[in-house]
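Each chain, letter by letter, is given below.
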Amino acid sequence: MKATLAGAAAALAMASAPGTAMARDTISIVGSSTVYPFATVVAERFGRTGNATPKIESTGSGGGMKLFCQGVGTQHPDITNASRRMKKSEFELCQSNGVKDITEVKVGYDGIVIANSVKGKHIDLSLREVFLALAKDVPNPKGGEELVANPYKTWKEINPALPNVKIEVLGPPPTSGTRDAFNELAIEGGCKTFPWLKAIKGEDKSKYKAICRSVREDGVYVEAGENDNLIVQKLEKNPNAFGVFGYSFLDQNRGVVQAANVGGVEPTFEAIGSGEYPVSRSLYFYVKKAHVGVVPGIEGYVKEFTSEKAWGDQGYLSEKGLIPLADDLRKSMAKQARSLKPMTGNEL
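Residues numbered from 1 in each chain as written. Predicted model: local features only at pLDDT ≥ 70, side-chain atom pairs only at ≥ 80, totals over all residues. Heavy atoms only, no water.

Overview of the overall build of the chain
Selection criterion: Elements are defined by DSSP. Helices are runs of H or I of four residues or more, strands are runs of E of two residues or more, and each kind is numbered from the N terminus. In what follows, residue pairs with any heavy atoms lying within 4.5 Å of each other are defined as contacts. His is not counted, nor are the chain ends; Lys and Arg add positive charge and Asp and Glu add negative charge. Here the site of a charge means atom NZ of a Lys, CZ of an Arg, CG of an Asp or CD of a Glu.
Scanning the chain for helices and strands turns up 16 helices and 13 strands. Considered along the principal axes of its C-alpha atoms, the chain spans approximately 70 × 45 × 40 Å. Long-range contacts, defined as pairs at least 24 residues apart, comprise 73% of the intrachain contacts of the chain with a sequence gap of at least 6. The chain carries 43 positive and 39 negative side-chain charges, and their two centres are separated by 2 Å.

Some remarks on the confidence of the model for the chain
Here is the rule: For every residue, the predictor states its confidence as a pLDDT score lying anywhere from 0 to 100.
For the chain, per-residue confidence averages 92 on the pLDDT scale, and 93% of positions sit at 70 or higher. Confidence drops under pLDDT 50 across residues 1-6; counting only partners more than four residues distant or on other chains, this segment forms zero contacts. Long-range and interchain partners of residues 15-21, a stretch whose pLDDT sits below 50, account for ten contacts in this model, where long-range means more than four residues apart.

Comments concerning the state of the cysteines
Spelled out, the test is: When the sulfur atoms of two cysteines come within 2.5 Å, that pair is taken as a disulfide. For every residue, the accessible area obtained with a 1.4 Å probe (protein chains only) is divided by the maximum for its type, and the residue is called buried under 20%, exposed over 50%, and partly exposed between those limits.
Taken as a whole, this structure holds two disulfides when the rule is applied. At a sulfur-sulfur separation of 2.0 Å, the disulfide partner of Cys-69 is Cys-94. Its S-S torsion of about -75° marks the bond between Cys-69 and Cys-94 as left-handed, since a negative value means left-handed. Highlighted residues: Cys-69 in the loop between α3 (61-68) and β3 (79-82) and Cys-94 in helix α4 (residues 88-96), separated in sequence by 25 residues. Cys-94 carries the same exposure label as Cys-69, and that label is buried. The disulfide that involves Cys-191 links it to Cys-212, with 1.9 Å between the sulfurs. As the torsion about the S-S bond is roughly -45°, the Cys-191-Cys-212 disulfide counts as left-handed. Of this pair, Cys-191 sits in helix α7 (residues 177-191) while Cys-212 is found in helix α10 (residues 205-212), placing the two residues 21 residues apart along the sequence. In this pair, the class of Cys-191 matches that of Cys-212, namely buried.

Digging into empty space enclosed by the protein
Just so we agree on the cut-off: Cavities and pockets were defined on a 1 Å grid built over protein atoms only: a cavity is a set of grid points that admits a 1.4 Å probe from which the probe cannot escape, a pocket is an open set flanked by protein on both sides within 12 Å along at least five of seven lines, and lining residues are those with an atom within 4 Å of any such point. Grid points are joined across faces, edges and corners, and a volume is the space filled by probe spheres set on the points. Residues are grouped as follows: nonpolar covers Ala, Val, Leu, Ile, Met, Phe, Trp, Tyr, Cys and Pro; charged covers Asp, Glu, Lys and Arg; every other residue, Gly included, is treated as polar.
By the definition in use, this model includes one cavity of 30 Å³ or more. In this model, the largest cavity occupies a volume close to 40 Å³. When residues of the lining of the largest cavity are assigned to their parent elements, the largest contribution, three residues, is made by helix α5 (residues 127-134). Looking at the lining of the largest cavity residue by residue, the class counts come to nine nonpolar, no polar and no charged.

Side note on the nonpolar core
The line we're drawing: The criterion is simple. A nonpolar core is a set of buried Ala, Val, Leu, Ile, Met, Phe, Trp, Tyr and Cys residues joined through side-chain atoms within 4.5 Å. A domain assignment, automatic or from a database, supplies the domain bounds used here.
One finds Trp-155, Phe-182, Phe-245, Tyr-301 and Leu-317 to be the most contacted residues of the largest nonpolar core, which totals 90 residues. Among the elements that line this core, the one with the most residues is strand β4 (residues 102-117), at seven residues. Shared between two domains, this core holds at least three residues of each, these being domain 1 (28-109 + 282-339) and domain 2 (110-280). Setting aside anything within four residues of it in sequence, one finds Phe-182 in contact with Ile-112, Ile-114, Val-130, Leu-134, Ile-187, Val-244 and Val-279.

What to know about the packing of α7 against α10
Note the cut-off: For helices, the axis comes from a line fit to the C-alpha atoms of the stretch in contact; other axes are also lines fit to C-alpha atoms, and the angle between any two N-to-C directions lies between 0 and 180 degrees. Roughly parallel covers angles under 35 degrees, roughly antiparallel covers those over 145, roughly perpendicular covers 65 to 115, and oblique covers all other angles.
Contact pair α7 / α10: the axes reach a minimum separation of 9 Å and the direction vectors enclose 100°. In terms of their interaxial angle, α7 and α10 are classed as roughly perpendicular. Note on element contacts: α10 touches α7 through Tyr-208, Ile-211 and Cys-212, opposite Asn-183, Ile-187, Glu-188 and Cys-191. Of the residues that constitute the contact of α7 with α10, the class distribution is five nonpolar, one polar and one charged.

Structural notes on α3
Buried residues dominate α3, accounting for six of its eight residues. Looking at α3, one finds that the buried residues are Ser-61, Gly-62, Gly-63, Gly-64, Met-65 and Phe-68. Tucked into the core, α3 has its buried residues touching β1 (28-31), β3, α4, β4, α7 and β13 (280-288).

Quick look at unusual backbone geometry
Here the phi dihedral of Leu-340 falls at roughly 55°; this positive angle occurs in a residue that is not glycine. A relative accessible area of 5% places Leu-340 in the buried class.

Thoughts on a positive patch on the surface
Note the cut-off: Only residues whose relative accessible area exceeds 30% and that take part in no salt bridge are eligible for patches, with like-charged residues grouped when within 9 Å of each other and nonpolar side chains (Val, Leu, Ile, Met, Phe, Trp, Tyr) grouped when within 5 Å. To be clear on the numbers: accessible area is Shrake-Rupley with a 1.4 Å probe, and residue cover counts the displayed protein chains and nothing else. A side-chain nitrogen of Lys or Arg and a carboxyl oxygen of Asp or Glu constitute a salt bridge if their distance falls within 4 Å.
Together, Lys-192, Lys-198, Lys-201, Lys-205 and Lys-209 line one region of the surface with positive charge. Along the chain, Lys-209 turns up in helix α10. Judged by its relative accessible area of 43%, Lys-209 is partly exposed.

As for the environment of Thr-103
Our working rule: Two N or O atoms count as a polar contact when they lie within 3.5 Å, although within protein this holds only if one can serve as hydrogen donor and the other as acceptor, and sequence-adjacent residues are included solely when both atoms are side-chain atoms.
Among the secondary structure elements, Thr-103 is positioned in strand β4. We classify Thr-103 as buried; its relative accessible area is 0%. A C-alpha to C-alpha distance of 36 Å links Thr-103 and Phe-242, two positions 139 residues apart in sequence. Only 3.1 Å separates the side chain of Thr-103 from the backbone oxygen of Leu-340, close enough to count as a polar contact. A distance of 3.2 Å separates the side chain of Thr-103 from the backbone oxygen of Lys-341, its partner in a polar contact.

Side note on the layout of surface pockets
Empty space within the largest pocket amounts to approximately 590 Å³. Lining of the largest pocket is provided by 20 residues; of these, Arg-84, Asp-180, Ala-181, Glu-184 and Arg-213 occupy positions nearest its centre. Sorting the residues of the lining of the largest pocket by element identifies α7 and β13 as the ones contributing at least two each. Ranked by the residues each element gives to the lining of the largest pocket, the list is headed by α7, at six residues. When grouped by side-chain class, the residues that make up the lining of the largest pocket number six nonpolar, four polar and ten charged. Each of two domains, domain 1 (28-109 + 282-339) and domain 2 (110-280), supplies a minimum of three residues to the lining of the largest pocket.

Structure, rendered in structure tokens:
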């Protein structure tokens, strides 16, 4: 009875929202450009079963979270995709706007690659070299424990073994979960290889983040929007440039682009799934429980995405480049997703 009343109340709230109809007949999904191709395949399969095919927009993880957390009502999205976990601040924003019950679903893993055209030279980068190439401020090349504005113009200046071409990297904007994860795993990962910079974390966390996660703004790193396919197209035209994007886009464009090894590890399906590849991360989507039963099909879409035929070891999403969760984690996550278990916020 309580559940029925709660559902009716949610429906009433959504119906009474200004400028909003009683219900949409199509699921609205926003968020990560990395999760977008996986969600699109699931949506297409779901649509073939007699349901309305969900509408999916690639807004970036951060942009998706903002839209998702704006409130309850059919003018707001039902699901948001993310290539990183929801932040505590985003969970609190949701709560303050009445988005109380949110179900978190971890769907698998992805690696972030640093790739160039197959016409260019294949390279092997260390995390330190990634940091020195792309950080806003770096240790003075002349020595000592001081930072200077990044002076490196070519890869060869960083390491004589690297190509003598100017550093030019195309990548996602700050609203992207790929950018967040790349900053944390690759740039910060390289920053920590300098003991005196790593020590700052214990003294001043904000200062440490400002140094170890800031990307240079002098034109070397070019924000190329949320469209990873556009980055691939630009790399084809410029063999000296590199691009930052998810493994699935590398997988779909083999023969056109090649990925650098990072820390001596090639970004393969197995290396990303095992965590051996140092720039790998988890992928998620988040469901707004208040919309379930009001917007038709949400439970069915979640069930399709978390089915073995979709995200399993031999599922159709692995063919698209999604690295599956381990069997036991996949089972528990499917149970959590289908029961629409709400987050508490303590897990963040």
